[in-house]
Structure formats: C-alpha cells, structure tokens
Amino acid sequence: MPDPRVLILGGTSEARALSGALPGVTVITSLAGRTSSPLRPAGEVRVGGFGGVDGLTAYLRSEGIDLLIDATHPFAARISDNAAAAATATGIPLLVVRRPGWLEQPGDVWHRVPDLEEAAALLPRLGHRVFLTAGRQGIAAFAEVDAWFLARSVEPPEPPMPSRLETVLDRGPFTLDGERRLLAEHRIDVIVSKDSGGPGAKLVAARERGIPVVMVDRPRAPAAAGTVASVAEAAAWVASSWP
Ligand code: NAP
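A few words now on the site of the ligand. The immediate surroundings of the ligand are formed by 22 residues, with Gly10, Ser30, Phe50, Gly51 and Lys194 found nearest. At a separation of 2.7 Å, an oxygen atom of the ligand approaches a polar backbone atom of Phe50. Here an oxygen atom of the ligand and a backbone polar atom of Gly51 are 2.9 Å apart. When the ligand sits alone it has 800 Å² of accessible area, and the protein chains cover 81% of it. Contributions of two or more residues to the shell around the ligand are made by β2 (26–31) and α3 (77–90). Among the elements that take part in the shell around the ligand, α3 stands out by supplying four residues, more than any other.

What follows is the structure, given as structure tokens:
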C-alpha cells in the first residue's frame, strides 16, 4: 500500500518543523511564494496559490491527499478559510495548527486594536519613533502616519509606505539582546506588532523599557474540525489517523 499523503499549508516555523516530524507518510508542503528564498521544509514542496477554494479542492482530489493540515500564520485568514471550505467539499480531514497568542504581563503597556488601520490611527498619540513589526504587507496601512518608522520584514517593502522609513531586512527568531540593542539604538518609543505568538523577545525588551505596544488582534479563525497549538500534537494526530 502506498504511503498516506499529507498536505501541509505552510509558511511558518511550525509547518517546517512538522514536515520533518511525520515518518511513514508522504509530506507535501505548500508555500504561497511571498519570499524569494524561503527556508525549505522536508519532503515535497509546491509554491504559489491554488486559485481559491475551487483550485484547492481540485488539487486535493488530483493529488490524492488523505489529510490536510493548515499550519499557516494566524494572520493568513484567506488561505485558512479556503482550507476549511475545501476540506468540507472533499471530506478530507483538516487539522489547524495555531500557536497561542501573546498574553499581557505585569509591566506591559499594551493597546489592543482590531486591525492595522486602527493601529495607524492610534499611533500619533503614543509615540513618534515607531518599531513596525507587521511584516512587509502590513507597512502600507501606515503610509499616511506622520512619524519615523523602523520597519522589519523578510523582503523589502513596496509603496505605499511612510515617507520617513528605515527598513531592517531580517527573519526571526530574534534574540533578547538584539531587540534591546535595536530599541536603544533607534530610540524607539512605540512598537506595532501583530499578535502572532511565538518567542516574542521584542515584547520582553519593550516591557523592560516601558515602551507601549500596539497589539493587533488576530483575524477570526474559521470553525475547523480541530485545532492544536503544537507540532507534537499535530504529529500525534497524523499518527492516529491510520491503523
Ligand atoms: P492569505 O491572505 O491568507 O492568502 C492569500 C492567498 O495567497 C490565498 O488565497 C492563496 O491563494 C495564497 N496562499 C496563502 N498561503 C498559501 C500557502 N501556504 N500555499 C499556497 N497558497 C497560499 O495569506 P498571507 O497573509 O498573504 O500569507 C501568505 C503566506 O505567508 C502564508 O503561507 C502564511 O503562512 C505566511 N505568513 C504570513 C504572515 C502574515 O502576517 N500574514 C506572516 C508570516 C508568514 P489562492 O486563493 O490562489 O490559493
């Protein structure tokens, strides 16, 4: 009997780790193609959009996929909605892997907002030297804000973007010492972050310096059959899916 086939919708460190943690199955990881030199997962890789729900549904059928795992970023809402719809259409079991969001701790000065537009509207009241960590696609929302920005992303940003912008091209995970240095060197007085979850050294460094953080809430997640928080739980789900 051929190995079962698992499609992982990726673009996260969890997806990459999971691709190497599934013995005895054929793993295909799907990447959107947003970064020019992505870290490569184990197993097969395909790159680029499927063409909406219909395209993903057709792919699942033509490739004989047995299990679908949505291990995309918590802010990648469209592909997660598409995965839920395609799983329903095909009857293929779906598991969502979502790292937990961050929780405010004593000493934090957080302002939770529902989206990037609200973050941009709030910023001028909080500071004038902004560390913007919303990713390349998140920079446009701040184009009209009158402040100085240090924006960190994996790929260079494209217009529209703020007129006073310095970029640092880097990929996490980031160290606490590195984050401390960056905040001090650039005299940062406010941070914008998505509630991505994960190590979050920048949040520790902000707490130490009493710097306010504008924290953008996650988009609504689709009601999926099952959601787990860790790679180990996802690997156990896959292992339990066959006798
Ligand atoms: P999105 O808005 O949810 O998706 C937009 C479209 O991109 C989807 O409809 C789909 O196109 C395609 N797509 C997205 N993820 C894909 C995947 N893994 N494989 C194949 N096609 C995919 O997604 P996004 O926010 O632009 O994120 C794109 C990728 O970057 C995701 O894989 C995500 O895990 C990763 N990422 C996102 C963020 C973030 O903050 N959004 C941060 C870190 C990493 P079709 O409809 O044509 O299939």
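As a further point, take the side chain of Arg152. With respect to the helices and strands, the residue Arg152 is situated in strand β8 (residues 148–153). Within the local environment of Arg152, its side chain forms a polar contact with the side chain of Glu179, the two groups lying 2.8 Å apart. For Arg152, the residues in contact, after removing those within four places along its chain, are Phe131, Leu132, Thr133, Gly135, Val168, Asp170, Phe174, Glu179, Leu182 and Lys202.

Running from N to C, helix α5 (residues 176–185) and helix α6 (residues 201–209) cross one another at 50°; their axes reach a closest spacing of 8 Å. Overall, the two elements α5 and α6 adopt an arrangement that is oblique. Handedness of the crossing formed by α5 with α6: right-handed. Where α5 approaches α6, its residues Leu176, Glu179, Arg180, Leu183 and Ala184 are matched on the opposing element by Ala201, Lys202, Val204, Ala205, Ala206, Glu208 and Arg209. Classifying every residue of the contact of α5 with α6 gives seven nonpolar, no polar and five charged.

Before going further, it helps to spend a moment on the sheet that holds β8. By definition, the strands of a sheet pair up through backbone hydrogen bonds, in either a parallel or an antiparallel sense. Here six strands make up an open sheet; going across it, the order is β6-β11-β10-β7-β8-β9 and the pairing parallel. The open sheet is flanked by β6 (110–113) and β9 (165–169), the only strands paired with a single partner. Between one strand axis and the next, the sheet turns by 20° as a mean value, whatever way the strands run. Bridging between strand β7 (residues 129–133) and β8 involves four bridges; their strand directions are parallel.

About the criteria used
Residues numbered from 1 in each chain as written. Predicted model: local features only at pLDDT ≥ 70, side-chain atom pairs only at ≥ 80, totals over all residues. Heavy atoms only, no water. Near = heavy atom within 4 Å. Polar contact = N/O pair within 3.5 Å; in protein donor to acceptor, adjacent residues only side chain to side chain. Areas by Shrake-Rupley, 256 points an atom, 1.4 Å probe, with all protein chains shown as cover. Helix = DSSP H or I, 4+ residues; strand = E, 2+ residues; numbered from the N terminus. Contact = heavy atoms within 4.5 Å. Axes fitted to C-alpha atoms, helices over the stretch in contact; angles between N-to-C directions. Parallel < 35°, antiparallel > 145°, perpendicular 65-115°, else oblique. Left-handed = near helix turned anticlockwise from the far one by under 90°. Nonpolar A, V, L, I, M, F, W, Y, C, P; charged D, E, K, R; others polar. Pairing = 2+ DSSP bridges.

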